[in-house]
Amino acid sequence: DQQVKQNSPSLSVQEGRISILNCDYTNSMFDYFLWYKKYPAEGPTFLISISSIKDKNEDGRFTVFLNKSAKHLSLHIVPSQPGDSAVYFCAAYQGAQKLVFGQGTRLTINP
Amino acid sequence: DVKVTQSSRYLVKRTGEKVFLECVQDMDHENMFWYRQDPGLGLRLIYFSYDVKMKEKGDIPEGYSVSREKKERFSLILESASTNQTSMYLCASRVDGEKLFFGSGTQLSVL
């Protein structure tokens, strides 16, 4: 039972354009969401987060949008750079301890 | 700088062997976690610990156990390794309410 879903296994974007990664969740009790980025042979690294009391959070080229009524969040990367090529995981806190992850989306930025 | 260290990057074991995966963090974090990452399934929580000698089952604890004798160290134990435990294992730590910091991962192959 996948409570956090990333339905696109992969995404390919031209360098300089916008990358949009999507994530859906089923549990309305989730109240804090995070995006992690993972390069091959490395552990995931934190990218950006958003609380359920907000609908947008921005950090440089990265913006996360939360639509609570649709149980949907998205990560926008503008402009996309070659170093952004990685696997991106969406995650949500279930209670105070458990972080539940999605399946991941592999983003490829083409020159 | 935050550091979570996993003792091995790659391990190859035989079916039926007892396997120990070690993780050490230097941030005095109370909470430590073991995840496994599999293609198409994302990161799934195996076990976590919120204090020394305390442990909680995650979503997929079957076939695993853990040990936390010291605050900085969290061990994952495969009592009798099986081929379906071939995976990337990721250790993480955090303080309450904060983001997870991950180690670089251990790629375990069980033959």
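Just so you know, these numbers come straight off a predicted model, no measurement behind them. (Residues numbered from 1 in each chain as written. Chains lettered and ligands numbered in written order. Predicted model: local features only at pLDDT ≥ 70, side-chain atom pairs only at ≥ 80, totals over all residues. Heavy atoms only, no water.)

Peer 1: Would you mind showing me how to read the packing of aromatic side chains here?
Peer 2: Ring pairs (aromatic) are described by centroid distance and by the angle formed between their planes. Per the stated rule, a full pass over the model turns up 14 aromatic pairs over all chains. Look at Tyr 25 of chain A and Phe 33 of chain A: their rings are 4.7 Å apart centre to centre, the planes differ by 45°, and that puts the pair in the tilted class. Accessibility expressed as a relative area gives 7% for Tyr 25 of chain A, which makes it buried. When the ring of Phe 33 of chain B is compared with that of Phe 48 of chain B, the centres are 5.8 Å apart and the planes differ by 20°; the resulting orientation is stacked. With Phe 33 of chain B in strand β4 (residues 31-38) and Phe 48 of chain B in strand β5 (residues 42-49), the pair connects residues that are 15 residues apart, well separated along the chain. Classification of Phe 48 of chain B by relative accessible area gives buried; the value is 7%. Within the aromatic cluster, the residues linked to one another by ring pairs are Tyr 36, Phe 46, Phe 89 and Phe 101 of chain A together with Phe 33, Tyr 35, Phe 48 and Phe 102 of chain B. (Phe/Tyr/Trp six-rings, centres within 6.5 Å; stacked < 30°, edge-to-face > 60°. Buried < 20%, exposed > 50% of the residue type's maximum accessible area, 1.4 Å probe, protein only. Helix = DSSP H or I, 4+ residues; strand = E, 2+ residues; numbered from the N terminus.)

Peer 1: In this structure, what is going on with the state of the cysteines? I would like to understand it.
Peer 2: In a disulfide, the sulfur atoms of two cysteines are covalently bonded to one another. Inspection of every chain in the model, using the stated rule, returns 2 disulfides over all chains. Bridging Cys 23 of chain A to Cys 90 of chain A, the disulfide has an S-S length of 2.0 Å. Between Cys 23 of chain A and Cys 90 of chain A the disulfide shows an S-S torsion of about -70°. By sign, it is left-handed. One end of the pair, Cys 23 of chain A, is in strand β3 (residues 19-25); the other, Cys 90 of chain A, is in strand β9 (residues 86-94), and 67 residues separate them in sequence. Like Cys 23 of chain A, the residue Cys 90 of chain A is buried in the burial classification. Note that Cys 23 of chain B is cross-linked by a disulfide to Cys 91 of chain B, the S-S spacing being 1.9 Å. Between Cys 23 of chain B and Cys 91 of chain B, the disulfide has an S-S torsion of -80° and is therefore left-handed. With Cys 23 of chain B in strand β3 (residues 19-25) and Cys 91 of chain B in strand β9 (residues 87-94), the pair connects residues that are 68 residues apart, well separated along the chain. Residue Cys 23 of chain B shares its accessibility class with Cys 91 of chain B, and that shared class is buried. (Disulfide = S-S within 2.5 Å.)

Peer 1: What exactly am I supposed to notice about the interface of chain A and chain B here?
Peer 2: Many descriptions give the size of an interface as the accessible area lost when the pieces come together. Each partner contributes to the interface: chain A provides 18 residues, whereas chain B provides 23 residues. Interface area, chain A with chain B, both sides summed: about 1600 Å², of which 55% is carbon and sulfur. When the buried surface of chain A facing chain B is broken down by residue, Gln 97, Lys 98 and Phe 101 of chain A rank first, second and third, together holding 32% of it. For the pair chain A and chain B, the number of links is 1 salt bridge. Note that Asp 59 of chain B and Lys 98 of chain A form a salt bridge whose closest N and O atoms lie 2.6 Å from each other. Along the contact surface separating chain A from chain B lie 5 residue pairs in polar contact (both at pLDDT 80 or more). When the residues that make up the side of chain A that touches chain B are grouped by side-chain class, the tally is 10 nonpolar, 5 polar and 3 charged. (Contact = heavy atoms within 4.5 Å. Buried area = accessible area lost by both parts, 1.4 Å probe. Salt bridge = Lys/Arg side-chain N within 4 Å of Asp/Glu carboxyl O. Polar contact = N/O pair within 3.5 Å; in protein donor to acceptor, adjacent residues only side chain to side chain. Nonpolar A, V, L, I, M, F, W, Y, C, P; charged D, E, K, R; others polar.)

Peer 1: I keep staring at the sheet that holds β3 of chain B and nothing clicks. Help me out?
Peer 2: What holds strands together in a sheet is hydrogen bonding between their backbones, with the strands either parallel or antiparallel. Residues and elements named next belong to chain B. Across the sheet, which stays open at both edges, the 4 strands sit in the order β1-β3-β8-β7 with antiparallel pairing between neighbours. Edge positions in the sheet fall to β1 (4-6) and β7 (64-70), since each has one partner strand and no second. Across the sheet, the axes of successive neighbouring strands diverge by a mean angle of 20°, strand direction being ignored. (Pairing = 2+ DSSP bridges. Axes fitted to C-alpha atoms, helices over the stretch in contact; angles between N-to-C directions.)

Shape is all these values report; function is a separate question.
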